[in-house]
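If you want the building blocks of each chain, they are given just below.
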Amino acid sequence: WFSAVEAEVYATSSLFTAIVFWAILKWENEANKPHSNRWIILVAYLMGLSIVVHLLNLLAIPAIVLVYYFKKYKTNIRGVLGALLISFIILGAVVYVLVPGVVKGATVFELLFVNGFGLPFNSGVIFYILLLIGLISFGLYYTHKYRKYLLNTVLLGLTVILIGYSSYATVMIRSIADPPMDQNDPETIFNLLGYLNREQYGDRPLFHGHYYNAPVEEQKQGAPVYDQVNGKYEVVNYKTKTEYDSRFTGFFPRMYSNQSQHVNDYKSWVDISGRTVTVRNSQGEQERRTVPTVADNLEFFFKYQVGHMYLRYFMWNFSGRQNDIQGHGDVKRGNWISGIPFIDNSRLGPQNQLPDYLKNNPANNKYYMLPFLLGVIGLWYQGKRNSKGFGVVLILFIFTGIAIVYYLNQYPHQPRERDYAYAGSFYAYAIWIGLSVLAAWDYLRKYLKTRVSAIVSALILLPVPLLMASENWDDHDRSGRYTTRDFAFNYLNSCRKNGILFTNGDNDTYPLWYAQEVEGIRTDVRVANLSYLRAGWYLEQMTRKAYDSDPLPFTHTSDQLGKGSREVLPIYNRVEGRVSIKKVIDFVANENEQTKIQSPFTRKEKINYIPSSKFSLSIDKEHVISENVVPVEQKNRIVEEMQWNINRNYVLKDGLCILDLLATNNWKRPVHFAVTVGSDKFFNLDKYFQAEGLAYHLAPVRAESTGDQQPGEVHTDVMYDILMNKFRWGNIEAPDVYLNEDNRRMLTNFRSQFGRLASALVREGKQDSARKVMDRCMEKISNEHVHYGYFTISFIRNYYKIGEKKKARKHLEILRRNLNQKMTYYVNLRGLSGQFPDDIRRTMVSMKRLGDITKSHADEALSKEILNDFDQYMKFLQQNQRLLNR
């Protein structure tokens with residue numbers, strides 16, 4: 001249901017799985033009739049089409065082969081194993097040979113015809129396609145003429161697969177048109193191959209590979225990367241192949257990511273008990289590292305990858321779900337539940353003690369395990385009555401479930417819940433749920449008439465889907481919710497005319513692209529995703545006009561920012577004092593060998609570097625004012641020179657682009673950073689930020705410190721106009737509109753910005769404006785939308801400051817209730833509360849601040865009550881100190 005209402009590939013992929021499964025069963029019914037193989041040809045064609053949607057559908061191949069085997073051959077264990085082996089070979093051939101091989105063959109001909117024969121681009125591809133069509137046509141003619149039925153059927157199946165697969169041509173056609181958003185720029189056959197191989201997502205070990213703490217021994221040169229240069233294909237880069245210390249490699253590597261967050265999670269899921277090996281670290285010092293064993297990796301596989309990242313999702317669908325908050329293994333976020341207290345409380349603590357924001361979460365769905373039990377009944381019934389059919393469904397269930405778990409090899413702390421990847425497996429289990437109705441009818445007809453037993457079995461089981469519909473409706477109904485579009489509108493309208501907006505994640509980028517592409521909202525703004533700015537194809541698009549937005553002004557050419565060029569720029573402080581950023585960029589853009597150093601990464605090439613970590617940018621005040629970067633009233637605050645340092649040893653290509661833009665732009669176009677961009681992407685420029693809506697505007701004015709530990713300062717006039725007059729709210733005030741975790745997180749950002757503006761207005765003595773800002777925020781983002789937390793404290797303080805004691809108390813009581821509910825929950829969790837030391841600290845800090853605020857504003861009685869609660873909880877925490885020390 002969730003996948004069906006998302007603009008994603010998984011609903012369509014599930015549709016293809018359903019159709020091909022239905023089609024092979026149609027063939028089974030007609031297998032002995034003339035022309036029955038038409039169903040097999042249909043399955044092949046649908047498989048070819050589905051490849052273009054998602055490879056997930058191909059995992060139905062083993063089940064399809066079993067249906068064929070059971071129908072055509074006498075069944076025995078040896079035959080079943082042989083059929084499965086053949087199905088694995090077919091699956092592997094399609095995934096690893098056919099899908100990339102067809103395109104890889106085209107690259108060979110393209111390279112020969114263009115570089116070898118001097119013909120135009122795509123001539124080799126056209127010849128290859130014609131040759132492929134000719135060979136297949138001849139094969140079909142030959143096998144038909146000489147009545148080679150099996151070979152003809154195989155060739156015909158391959159043909160229709162390729163016809164379906166040829167839909168990928170639309171990707172190249174679209175890319176050649178150079179649309180504003182052109183992922184991976186697959187307009188050449190070489191780029192299309194990388195696109196199909198999903199090279200932008202990196203690689204992961206499956207059968208054998210490195211573990212998370214494996215030292216890198218060597219970065220080897222891999223396959224060449226080609227691009228179109230002066231009428232030919234030239235090698236512009238080489239793929240990198242990393243060689244690891246063989247002592248830290250092994251079979252079934254499940255724990256392989258070296259990111260610190262992932263390493264900590266590995267250790268929290270598994271008590272790693274491997275052997276100890278002495279190595280030299282990057283500083284040349286000896287250190288001892290523990291190499292995880294195969295048993296450790298198996299434990300992580302079953303605990304996290306199977307248990308947490310598959311079975312948890314499985315039970316969401318057939319037992320119940322705790323809430324829609326992404327879980328990483330703790331007991332209060334995103335777990336499966338049943339609604340049966342003794343089952344849930346023993347695993348997750350007392351569910352009746354949950355704070356309201358968790359207890360009343362729309363995704364708190366209880367099915368009392370009834371769908372799961374019906375599936376067990378259907379599974380048992382099919383296994384008893386039709387072992388062949390049971391085997392087919394079981395194979396479909398396993399290959400679209402556990403097999404995907406193995407193939408994905410997911411690291412911990414995924415950026416989002418991944419339940420959509422297993423929709424095919426849940427679909428297979430739903431077949432058994434359907435068969436449970438047949439099982440009930442079959443049982444009841446022993447005691448009742450056939451028609452009566454059918455009616456009774458339907459009446460007995462009908463409450464289960466009705467229960468699921470009633471539980472799921474509020475968190476699956478998307479009608480009336482326009483948050484994605486309107487929040488994108490708010491981001492874009494936080495930017496000045498012809499502005500440049502740096503974003504980072506998917507959730508604050510894709511909606512903006514939609515708003516511009518489909519609805520034509522603020523097409524003058526250029527959205528630049530910092531994650532993509534490391535890719536040459538994306539940087540080349542940034543140097544083209546998009547909608548009403550001119551190319552980004554860079555000193556570097558698109559070739560200099562292309563594939564394999566300036567990917568990593570080491571920083572060596574070879575110049576004393578500060579260096580003009582313009583001189584730095586000119587130095588980095590220089591192709592002279594004297595401006596390069598031997599690469600510290602490969603030692604086989606020379607690369608550009610940055611000669612200082614201390615930068616400056618001279619400011620022409622009159623020019624800055626003439627470009628409306630800074631209002632005239634702030635003229636005296638404009639600095640003579642912007643100064644900042646980069647506290648790191650290297651800069652990646654996205655950082656180079658920011659520095660280049662700063663050096664080249666000359667304040668012609670406003671530069672903004674979305675408020676959701678991490679501070680590590682600011683390059684210490686945040687002291688020149690002015691908060692304007694949902695963006696920070698970079699301006700040559702030193703921000704005044706306000707002690708709120710947030711970037712820059714608030715430009716109150718501009719921000720007030722944006723938040724109060726331009727913001728759209730996506731219909732969130734409607735009581736039946738479901739706000740999921742992403743919406744609530746975004747609204748938390750909104751609340752933070754409203755709070756910042758209100759505080760700034762209070763400091764400026766604009767109490768009436770501050771009151772209006774706070775009232776608007778509390779009206780639109782109520783506790784029912786997003787429960788009051790840390791960001792609500794500033795509203796309470798400011799209501800007190802402007803004399804609105806009644807409003808302060810109203811919101812304080814709500815926040816106080818939330819904090820008390822949280823602490824009561826943690827107290828009752830006892831041993832399990834050790835999972836939340838940070839949240840406990842934040843809750844206690846918030847409670848103490850409320851007590852101090854009420855005390856400082858002469859609300860003595862209320863302050864005493866709050867601080868008394870604080871003392872009681874603190875006493876408990878002191879008696880259970882481990883909860884804070886974990």
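Presented here is a report on the structure given in the accompanying data block.

Conventions used here
- Counting from 1, residues in each chain are numbered in the order their sequence is written.
- Given that this is a predicted model, residues contribute local features only at a pLDDT of at least 70 and side-chain atom pairs are listed and counted only at 80 or more, while totals for whole chains, interfaces and linings are drawn from all residues.
- As a rule here, side-chain values cover all heavy atoms of the structure and leave hydrogens and water aside.
- Labels follow the DSSP assignment, with helices taken as runs of H or I lasting at least four residues and strands as runs of E lasting at least two, numbered in each case from the N terminus.
- Note that the radius of gyration is over C-alpha atoms, with the globule rule given as 2.2 Å times the number of residues to the power 0.38.
- Three exposure classes are used, based on accessible area relative to the maximum for each residue type with a 1.4 Å probe and protein chains only: buried under 20%, partly exposed in between, and exposed over 50%.
- Here the open area of atoms and residues is found with the Shrake-Rupley method and a 1.4 Å probe, where only the protein chains shown may cover a residue.
- The charge count includes Lys and Arg as positive and Asp and Glu as negative, but it does not include His or the ends of the chains.
- To locate a charge, take NZ of a lysine, CZ of an arginine, CG of an aspartate or CD of a glutamate.
- By this definition, two strands are paired if DSSP reports at least two bridges between them.
- Note on bend: the value at a residue is the angle between axes fitted to the seven residues ending there and to the seven starting there.
- Residues count as neighbours in contact if any of their non-hydrogen atoms are within 4.5 Å of one another.
- Only the stretch in contact is used when a helix axis is fitted, and all axes are lines through C-alpha atoms; the angle between N-to-C directions ranges over 0 to 180 degrees.
- Residues grouped as a nonpolar core are buried Ala, Val, Leu, Ile, Met, Phe, Trp, Tyr and Cys residues, joined through side-chain atoms within 4.5 Å.
- Comment on the angle field: the value is read as roughly parallel under 35 degrees, roughly antiparallel over 145, roughly perpendicular from 65 to 115, and oblique elsewhere.
- Left-handed describes a crossing in which the near helix is turned anticlockwise from the far one by less than a right angle; the clockwise case is right-handed.
- Three residue categories are used. Nonpolar comprises Ala, Val, Leu, Ile, Met, Phe, Trp, Tyr, Cys and Pro, charged comprises Asp, Glu, Lys and Arg, and polar comprises the others, including Gly.
- The salt bridge criterion pairs a side-chain nitrogen of Lys or Arg with a carboxyl oxygen of Asp or Glu, the two atoms within 4 Å.

### Some points on the overall build of the chain
Thinking step 1. Helix and strand counts for the chain stand at 32 helices and 21 strands.
Thinking step 2. The C-alpha radius of gyration of the chain comes to 31 Å, within 12% of the 29 Å expected for a compact globule of 886 residues.
Thinking step 3. Principal-axis analysis of the C-alpha atoms gives the chain an extent of 90 × 80 × 60 Å.
Thinking step 4. Buried residues in the chain amount to 52% of all 886 residues.
Thinking step 5. Element-wise, carbon and sulfur atoms account for 55% of the exposed surface of the chain, whose accessible area totals about 42700 Å².
Thinking step 6. The chain carries 105 positive and 85 negative side-chain charges, and their two centres are separated by 7 Å.

### Comments concerning the sheet that holds strand β12 (residues 579-580)
Thinking step 1. Strand order in this open sheet of 3 strands is β12-β15-β16, and the pairing throughout is mixed. The outermost strands of the open sheet, each flanked by one partner alone, are β12 and β16 (641-645).
Thinking step 2. Where β12 and strand β15 (residues 614-618) come together, 2 bridges link them in parallel fashion. Directly across from Ser580, in β15, lies its bridge partner Ser616.

### Remarks on helix α10 (residues 294-318)
Thinking step 1. Where α10 bends most, the angle comes to about 45 degrees, and this point is Gly307.
Thinking step 2. Immediately beyond the C-terminal end of α10, within one or two residues, lies Gly320, with a positive phi of roughly 150 degrees.

### So, the sheet that holds strand β18 (residues 671-674)
Thinking step 1. Pairing is mixed in the open sheet, where 6 strands are placed in the order β10-β9-β18-β20-β19-β21. Among the strands making up the open sheet, the edge pair consists of β10 (526-529) and β21 (713-714).
Thinking step 2. The pairing of β18 with strand β20 (residues 695-698) spans 3 bridges and is antiparallel. Bridge pairing in β20 links Phe673 to Tyr696.
Thinking step 3. Strands in contact with helix α25 (residues 716-726) are β19 (689-692) and β21; relative to β19, the strand with the most contacts, it is inclined by about 30 degrees.

### Brief notes about the nonpolar core
Thinking step 1. Counting 136 residues, the largest nonpolar core has Phe502, Tyr538 and Met642 as its most contacted members.
Thinking step 2. Here the element with the most residues in this core is helix α29 (residues 805-829); it accounts for 10 residues.
Thinking step 3. Ignoring sequence-local partners within four residues, the contact set of Met642 consists of Phe615, Ser616, Leu617, Ile619, Trp667, Leu685, Tyr688, Leu698 and Pro700.
Thinking step 4. In terms of nonpolar packing, the next biggest core, distinct from the first, is built from 100 residues, Ile161, Phe252, Leu374 and Ala428 among them.

### What to know about unusual backbone geometry
Thinking step 1. With a phi angle near 55 degrees, Asp178 is a residue other than glycine that sits in the positive phi range.
Thinking step 2. Mapped onto the elements of the fold, Asp178 is located in the loop between α7 (169-176) and α8 (189-196).
Thinking step 3. Residue class for Asp178 comes out partly exposed when judged on its relative accessible area of 35%.
Thinking step 4. Positive phi values are uncommon outside glycine, yet Asn666 reaches one of about 55 degrees.
Thinking step 5. With respect to the helices, strands and loops of the structure, Asn666 is situated in the loop between α24 (653-665) and β18.
Thinking step 6. Judged by its relative accessible area of 35%, Asn666 falls in the partly exposed class.

### Here's the deal with the environment of Val154
Thinking step 1. Mapping Val154 onto the fold places it in helix α6 (residues 149-165).
Thinking step 2. Since its relative accessible area comes to 51%, Val154 is described here as exposed.

### Quick notes on the packing of α25 against helix α27 (residues 767-780)
Thinking step 1. Close contact between α25 and α27 brings their axes to 11 Å; oriented N to C, the two are set at 40 degrees. With respect to their mutual orientation, α25 and α27 come out oblique. Considering the relative orientation of α25 and α27, their crossing is left-handed. When α25 is examined against α27, the residues Tyr720, Leu723 and Met724 are found in contact with a partner set consisting of Ser769, Lys772, Val773 and Arg776.
Thinking step 2. A class-by-class count of the residues in the contact of α25 with α27 yields 4 nonpolar, 1 polar and 2 charged.

### What to know about the environment of Ile610
Thinking step 1. Relative to the helices and strands, Ile610 is located in the loop between β14 (606-608) and β15.
Thinking step 2. Sequence-wise, Ile610 and Pro570 are 40 residues apart; in three dimensions their C-alpha atoms are separated by 6.2 Å.
Thinking step 3. Discounting chain neighbours no more than four positions away, the residues touching Ile610 are Leu569, Pro570, Ile571, Tyr572, Val584, Val588, Phe615 and Val651.

### Comments concerning the pattern of salt bridges
Thinking step 1. Scanning the model with the defined rule gives 46 salt bridges in all.
Thinking step 2. Asp344 is paired through a salt bridge with Arg347; the nearest N and O atoms lie 3.8 Å apart. Of this pair, Asp344 and Arg347 are both found in helix α11 (residues 341-348), 3 residues apart, which corresponds to roughly one turn of the helix.
Thinking step 3. Through salt bridges with shared partners, a single network forms among Lys332, Lys822, Asp839 and Arg842.

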